[in-house]
Amino acid sequence: MLKINTVIIGGGISGLSAGHFLKKKNIDFVIIESNKKLGGVIQTIKKNNFTFENGPNTILNNNTSINQLLKDLRILNKIILPNKKANTNRYVFNNNNPIAIPTSLLKFVLTPLLTFQAKFRVFKEIFKPVHKKNTSVINFISSRFGKEFHDKLIEPFLNGIYAGDTSKMSSKHALKKFWKLEQKFGSIIKGLFCSKKEKMESFNFSHGISFLIRTITNSLKKEIINNTKVTNILKEGENYKIETNSNKTFLCQNIICSIPAYELRNIIFDNDLSTVLSKIKYNAVDVFHFVFLKNDIKNDLNGFGILTKPSDNKIFLGVIFSSKIFPHICSEKYELYTVIVGGEKQKYILKTNKSKLKKLVLKELRDLINCNGELQESNNYSWKNGIPQYNLYQEKVEESIQKFSEKNKKFHIIGNYFSGISVSDCIKKAEVIVENHFSNNQ
């Protein structure tokens, strides 16, 4: 049995970030990862000089933790910012035609996306009563801005993040910022005017987001144990015993667990938490990448991408205009598109034969960009358990994790299935845990 101060379970961005911040404090730890490769959902694929992101396409630099990580790793100067114009424009469908989402008051007034009545309803939001208890996203937004605003703007936006169902999503957790603004200021619009504007700059790297994973991994080589799966966690007095499939057993004082809920539920010693974790849903999605010659594209939309709503009757949830945002991912004579398919409301689509599904998706993409030219390159990746859902059950999830943490003081749970789904959220949670619960040379 190997005795060690801290064991980090999971080598995704959460676990690696926790390892980084622990190492800064000179704390003895190991990271146990079940796969050969680390990084979790962050997966960059290089194929014939094209850069494909199977997971997140960008990282938000919206908190001090991500900034600190980049500084510590000395790669802050390596980040690549998105094309400004492309990053600003986001499209949705209106009568089957792509139209830019309004980004100013004047554009909002002039946009054909919403009827006059729907626009007027939005301005009445400041007079709406504050919600006394949590409710679904569709109820929350419809009661404040109207159902048309929800259907045409909010639902496509959340499709792009969660690939979920807004009638099931928790407004308090899936729309945390809007919920907090309403609770604090009595109105979302008032809150947006009164609160300090957050910095929401996104970035990538010249070799893709996996460059961040490789950089952290290289700095933690001695602490990483890969190809090893944790099969059981037991509590022994004030310590924890961790069993693995490689016959290695660890005895530690602290655990930082960053694996998905569907994995943790099978190895945790607390039955109540296991039951709660088993009810967290993950939506499956397929990611397709398609490359065309720029000269073959007749409808050359310049923006971040386009999102859909159910009434659009599209086979995809959204299309990211990847090379518009980050031109470095391919030669300037090409355009690279990332198409997301599946999610809560399109489960049936993912049952389609992959070859047939690719043809269907490709046809709709061709229609969107008006391109009959030859496909230059493609890539496909399937996420069986892709995106955790912040549904109305989320309150119970977060309460149960908090209760477990209070009962087991040195067992810390982090990950993307609670308190924030983004890469930067995960990095922040890792640093907060380390700063709040670990002292130097512990």
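Whatever comes next refers back to the structure up there.
Rules used in this analysis
- Residues numbered from 1 in each chain as written.
- Predicted model: local features only at pLDDT ≥ 70, side-chain atom pairs only at ≥ 80, totals over all residues.
- Heavy atoms only, no water.
- Helix = DSSP H or I, 4+ residues; strand = E, 2+ residues; numbered from the N terminus.
- Rg over C-alpha atoms; globule rule 2.2 N^0.38 Å.
- Buried < 20%, exposed > 50% of the residue type's maximum accessible area, 1.4 Å probe, protein only.
- Contact = heavy atoms within 4.5 Å.
- Areas by Shrake-Rupley, 256 points an atom, 1.4 Å probe, with all protein chains shown as cover.
- Lys, Arg positive; Asp, Glu negative; His and termini not counted.
- Charge placed at Lys NZ, Arg CZ, Asp CG, Glu CD.
- Phe/Tyr/Trp six-rings, centres within 6.5 Å; stacked < 30°, edge-to-face > 60°.
- Lys NZ or Arg CZ within 6 Å of the ring centre and 35° of its normal.
- Patch = residues over 30% accessible without salt bridge, like charges linked within 9 Å, V, L, I, M, F, W, Y side chains within 5 Å.
- Salt bridge = Lys/Arg side-chain N within 4 Å of Asp/Glu carboxyl O.
- Pairing = 2+ DSSP bridges.
- Axes fitted to C-alpha atoms, helices over the stretch in contact; angles between N-to-C directions.
- Polar contact = N/O pair within 3.5 Å; in protein donor to acceptor, adjacent residues only side chain to side chain.
- Core = buried A, V, L, I, M, F, W, Y, C linked by side-chain atoms within 4.5 Å.

Asks: An account of the overall build of the protein chain is needed here, citing residue identities and associated values.
Replies: Across its full length, the protein chain holds 17 helices and 19 strands. Taking 442 residues into account, the globule formula puts the C-alpha radius of gyration at 22 Å, and the protein chain, at 23 Å, falls close to it. Referenced to the eigenvectors of the C-alpha coordinate spread, the extents of the protein chain come out at roughly 65 × 55 × 40 Å. Looking at the protein chain residue by residue over its 442 residues, the buried ones come to 54%. The long-range fraction of contacts in the protein chain, counting pairs at least 24 apart against all pairs at least 6 apart in sequence, stands at 71%. For the protein chain, the exposed surface amounts to about 21100 Å²; the carbon and sulfur share of it is 51%. A gap of 2 Å separates the mean positions of the 67 positive and 37 negative side-chain charges of the protein chain.

Asks: Help me get a handle on the packing of aromatic side chains, residues and values and all.
Replies: For the structure shown, the criterion picks out 22 aromatic pairs. Here the aromatic cluster, defined as three or more aromatic residues joined through ring pairs, consists of Tyr91, Phe292, Phe321 and Tyr337. Sitting above the plane of the Phe418 ring, Lys429 keeps its charged end 5.1 Å from the centroid.

Asks: If you had to explain a positive patch on the surface to someone new, which residues and values would you point to?
Replies: A contiguous patch of positive charge on the surface is contributed by Lys235, Lys279, Lys396, Lys403 and Lys407. In terms of residue count, the dominant contributor to the positive patch is helix H16 (residues 394-407) (3 residues). Assignment of secondary structure puts Lys403 in helix H16.

Asks: Break down the sheet that holds strand E16 (residues 318-320) for me, citing the residues and quoting the values.
Replies: Reading across from one edge, E8-E7-E15-E16-E17-E14-E18 is the order of the 7 strands in this open sheet, with mixed pairing throughout. The strands lining the two open edges of the sheet, one partner per strand, are strand E8 (97-100) and strand E18 (377-388). Within the sheet, the average angular offset between the axes of one strand and its neighbour, ignoring direction, is 25°. With 3 bridges joining them, E16 and strand E17 (residues 334-342) adopt antiparallel strand pairing.

Asks: Hey, could you go over the pairing of strand E4 (residues 50-53) for me, with residue numbers and the actual values?
Replies: Judged by which residues are buried, E4 turns out to be covered on both faces: Phe50 and Phe52 on one side and Thr51 and Glu53 on the other are all buried. The pairing of strand E3 (residues 44-47) with E4 spans 4 bridges and is classified as antiparallel. Along E4, the bridge assignment pairs Lys47 with Phe50.

Asks: Describe the side chain of Asp165, and please don't skip the residues or the numbers.
Replies: Counting through the fold element by element, Asp165 comes out in the loop between helix H7 (147-162) and helix H8 (171-174). Residue Asp165 is classed as buried on the basis of its relative accessible area, which comes to 13%. Only 2.8 Å separates the side chain of Asp165 from the side chain of Ser167, close enough to count as a polar contact. Non-local contacts of Asp165, meaning those with residues more than four positions away in its chain, are made with Glu344, Lys345 and Gln389.

Asks: I'd like a description of the nonpolar core, backed by residues and values.
Replies: Residues Ile13, Leu212 and Ile256 are the most contacted members of the largest nonpolar core, which totals 36 residues. Broken down by secondary-structure element, the contributors of at least two residues to this core are helix H1 (13-24), strand E2 (29-32), helix H2 (64-72), strand E9 (201-205), helix H11 (210-219) and helix H17 (423-437). For this core, the element with the highest residue contribution is H17, accounting for 6 residues. The residues contacting Leu212, other than those within four sequence positions of it, are Ile13, Ile59, Leu69, Leu70, Leu73, Ile75 and Phe205.

Asks: Which residues make up unusual backbone geometry, and what values do they have?
Replies: You will see that Asn95, though not glycine, has its phi angle at about 55°, which is positive. As for its placement among the helices and strands, Asn95 is situated in the loop between strand E7 (90-94) and E8. Although it is not a glycine, Ala163 sits at a positive phi angle of roughly 55°. Along the chain, the position of Ala163 falls in the loop between H7 and H8. Here Ala163 falls in the buried class, since its relative accessible area comes to 1%.

Asks: Outline the sheet that holds strand E5 (residues 59-61), listing residues and values.
Replies: Strand order across the open sheet formed by 3 strands is E5-E9-E6, with antiparallel pairing between neighbours. This sheet does not close on itself; its edge strands, each paired only once, are E5 and strand E6 (79-80). Pairing between E6 and E9: 2 bridges, direction antiparallel. By the bridge assignment, Ile80 is partnered in E9 with Asn204. Relative to E5, H2 is tilted by about 100°, and along the sheet it contacts E5, E6 and E9.

Asks: How would you explain the pairing of strand E11 (residues 230-236) if you had to name every residue and give the values?
Replies: With 6 bridges connecting them, E11 and strand E12 (residues 239-244) associate as antiparallel partners. Bridge pairing in E12 places Leu234 opposite Lys241. In this structure, the hairpin formed by E11 and E12 is closed by a connection of 2 residues, where Gly237 is found at a positive phi of approximately 65°.

Asks: Tell me about the environment of Lys281, and please be specific about residues and values.
Replies: For Lys281, the location among the structural elements is in the loop between helix H13 (271-277) and strand E14 (282-293). Separated by 223 residues in the primary sequence, Lys281 and Thr58 place their C-alpha atoms 24 Å from one another. Among residues more than four places away in sequence, those in contact with Lys281 are Lys168, Ile387, Pro388 and Gln389.

Asks: With reference to specific residues and values, describe H11.
Replies: Most of H11 sits out of view: 7 of its 10 residues are buried. Taken together, the buried positions of H11 are Ser210, Phe211, Leu212, Ile213, Thr215, Ile216 and Thr217. Residues of H11 that are buried in the fold lie against H1, E3, E5, H2, E9 and strand E10 (224-225).

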